[in-house]
Each structure stands twice: as C-alpha cells, then as structure tokens.
Amino acid sequence: MRLLIIDDDEALCEALTIQLNSSGYDVDSCLSGEDALFYALQNSYDVILLDRMLPVIDGLTLLASIRKNKIHTPVIMMTAMTRIQDRIEGLDTGADDYITKPFDTQELMARIRALTRRPHAMDSLNILTFADLTLNTVRQELGTKKSTISLSKRETALFEYFFRNKNQTLSRNMLLSHIWGPDSEVEQGNLDNYIHFARKRLKSLKSRVQLKTVHGIGYRMEDGNVSSIS
C-alpha cells in the first residue's frame, strides 16, 4: 500500500515514514504544497496524509487543487486546529477523515486501514477502462482481456492522464506539466519519446485504442473503432 505524507515538519515526516515503512507501507513524503501537488499528479496513492497548516500553499488550498485535478485518493488531514468549524471546512473541501495533533501512530494506522476498506478507495479508483483497455494505476499494468504488460511510473502517469481525459485533445504543455511537473526543464523530445513508447505498448497489446497526433496542439486518445470528430 502506497502513502503520501505532506507536512512541513521534517522531523514528523521522517518519524512517520520510518514507522509506516516498518509496518509494510510504501511511503513518499514532501514538505511543501508545490512538491505535494507534483507527487499527487505524478503517482497513484492509496491514502494521502495532509497537514492543514502548510506554508505558501495551505492544506485546504492544496486539497482543493487535488480534487480539481480529479484525484479521488482518500485524504486524512492532520492538524493542531481543533475547532469544529476547522473540521467542517476540511471535510467540505474533500478530506475523508481528520486526526488531531499530537496523535498516536497506531490510531493513524487504524484510520488508514478503515479508509482503505471502503469500496471507493479501492479498485474503482485504481482501475480505469477505455475501449478494450484496462489500466491498473497501483500495479502499473496496462492490458486487454488477452494480455497484460507492466509499465514504468511515468508511463503509468501518462496513460492515466489520457484515460482520465479520453477523447480530449491534451496540449503538449499540459502533458509536460502533468507528467514531469510545472517547473521541470524537460525537453519536448522526451514527450515525443514517451508517446512513441506508449504507441508501441498499444500495438503489442493489439489494442484498438489510438494516440492521435493533433498537429500544432498535442495528442488525443481515441477508440479506433469509433469515428472521431475534430
């Protein structure tokens, strides 16, 4: 199970990472909202642990951005703010649970287990389908009914973005920002290479799904059996 911890308290992040790793969790952590949004867009997580009081981009703003990007990963907000109104604001913004600092790690892990037992936190969000394809974002697998192949993290992120925006033209800048991060200095050619590899993946699976080039703009994922309207 993969978790993302977002908290500007470096010591707390480190302590939680060690404790959760020892309990069998795969953990990523970051100290800022900017980095957190990149992690959330780049990877798939089972649960996100989010500090309410972050510098620059506060926890509520970050949570709103995560939900705006159609990331439905369950979020537990961690905060020293104890007012009822604070809890209401967090839950209304999209948090699934709230835990007040200081907290016992065993209670936190119990809350994580409770969230991941809920149906909405499992395969319904981790498994995406389009035409004859299925993408498992947690296992990083792409397949049809006849065969399945493993993907890299970046390939998974690329396909997930297409799956969540099927039949929509995605500009090159949108793809570069989503896959490599808004401040990345990655070259345009890297995107072309990944599109080339993605097409090879589709061909190896004998899928009817196509990644169409929209000249001067970007790319669009289509069902090859359905006529598209430009």
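Reading guide: rules and limits
All residue numbers here refer to positions counted from 1 along the written sequence of the relevant chain. In keeping with the predicted nature of the model, local features appear solely for residues at pLDDT of at least 70, side-chain atom pairs appear and are counted solely at 80 or more, and the whole-chain, interface and lining totals rest on all residues. Excluded from the side-chain calculation are hydrogens and water; included are all heavy atoms of the structure. Two strands pair if DSSP finds at least two bridges between them. Going along the chain from the N terminus, every DSSP run of H or I of four or more residues is numbered as a helix, and every run of E of two or more is numbered as a strand. Note on method: axes are straight lines fitted to C-alpha atoms, helices fitted across the in-contact stretch only, with angles between N-to-C directions ranging 0 to 180 degrees. The contact criterion used is simple: two residues touch if any of their non-hydrogen atoms lie within 4.5 Å. For this analysis, a nonpolar core means a set of buried residues of the types Ala, Val, Leu, Ile, Met, Phe, Trp, Tyr and Cys, connected via side-chain atoms within 4.5 Å. For the exposure calls, accessible area comes from a 1.4 Å probe over protein chains only, and a residue counts as buried if that area is under 20% of its type's maximum, exposed if over 50%, partly exposed in between. Any Lys or Arg side-chain nitrogen located within 4 Å of an Asp or Glu carboxyl oxygen qualifies as a salt bridge. Angle categories: roughly parallel below 35 degrees, roughly antiparallel above 145, roughly perpendicular from 65 to 115, and oblique for all the rest. Crossings are assigned a handedness: left-handed for a near helix turned anticlockwise from the far helix by less than a right angle, right-handed for a clockwise turn. Three classes are used, and their members are as follows: Ala, Val, Leu, Ile, Met, Phe, Trp, Tyr, Cys and Pro are nonpolar, Asp, Glu, Lys and Arg are charged, and the others, Gly among them, are polar.

Description of the sheet that holds strand E10 (residues 169-171)
So, step 1. Here 3 strands make up an open sheet; going across it, the order is E10-E12-E11 and the pairing antiparallel. In the strand order of this sheet, the two ends are held by E10 and strand E11 (209-214), each with one partner. On average, each strand axis in the sheet is tilted by 25° relative to the strand beside it, whichever way the strands run.
So, step 2. As paired elements, E11 and strand E12 (residues 218-223) share 6 bridges and run antiparallel to each other.

Focus on the sheet that holds strand E9 (residues 148-150)
So, step 1. Strand order in the open sheet formed by 4 strands is E6-E7-E8-E9, and the pairing between neighbours is antiparallel. Sheet topology places strand E6 (127-130) and E9 at the edges, where each strand pairs with a single neighbour. Across the sheet, the axes of successive neighbouring strands diverge by a mean angle of 20°, strand direction being ignored.
So, step 2. Pairing analysis gives 3 bridges linking strand E8 (residues 141-143) to E9, with the strands arranged antiparallel. Bridged to Glu141 within E9 is Ser150.
So, step 3. The strands touched by helix H9 (residues 188-205) within the sheet are strand E7 (133-136), E8 and E9, with E9 carrying the most contacts at an inclination of about 150°.

Remarks on the nonpolar core
So, step 1. If you look at the biggest cluster of nonpolar residues, it comprises 27 residues, and the most contacted ones within it are Leu142, Phe159, Phe162, Phe163 and Leu175.
So, step 2. Looking at this core, the elements with two or more residues in it are E6, E7, helix H7 (153-164), helix H8 (172-180), H9, E11 and E12.
So, step 3. Counting residues per element, this core draws most heavily on H7, at 6 residues.
So, step 4. Residues contacting Leu175, with those up to four places away along its chain left out, are Leu158, Tyr161, Phe162, Leu170, Trp180, Leu191 and Tyr219.
So, step 5. Within the second largest apolar cluster, 19 residues are counted, among which are Leu41, Leu62, Leu63 and Ala95.

Overview of the pattern of salt bridges
So, step 1. Tallying each qualifying case throughout the model produces 14 salt bridges.
So, step 2. A salt bridge links Glu107 to Arg111; its shortest N-O distance comes to 2.9 Å. With Glu107 and Arg111 both in helix H5 (residues 105-117), this residue pair falls 4 residues apart, about one helical turn.
So, step 3. Owing to a relative accessible area of 35%, Glu107 belongs among the partly exposed residues under this scheme.
So, step 4. Judged by relative accessible area, which is 24%, Arg111 ranks as partly exposed.
So, step 5. Where Arg201 meets Glu155, a salt bridge forms, and the shortest distance between an N and an O atom there is 3.0 Å.

Looking at the packing of helix H2 (residues 33-42) against helix H3 (residues 59-68)
So, step 1. Relative orientation of the contacting elements H2 and H3 amounts to 20°, with a least axis distance of 10 Å. As far as their axial angle goes, H3 and H2 are roughly parallel. As for how H2 packs across H3, the hand of that crossing is right-handed. For the pair H2 and H3, the contacting residues are Gly33, Ala36, Leu37 and Ala40 in the first and Leu62, Ser65 and Ile66 in the second.
So, step 2. Considered class by class, the residues forming the contact of H2 with H3 number 5 nonpolar, 2 polar and no charged.

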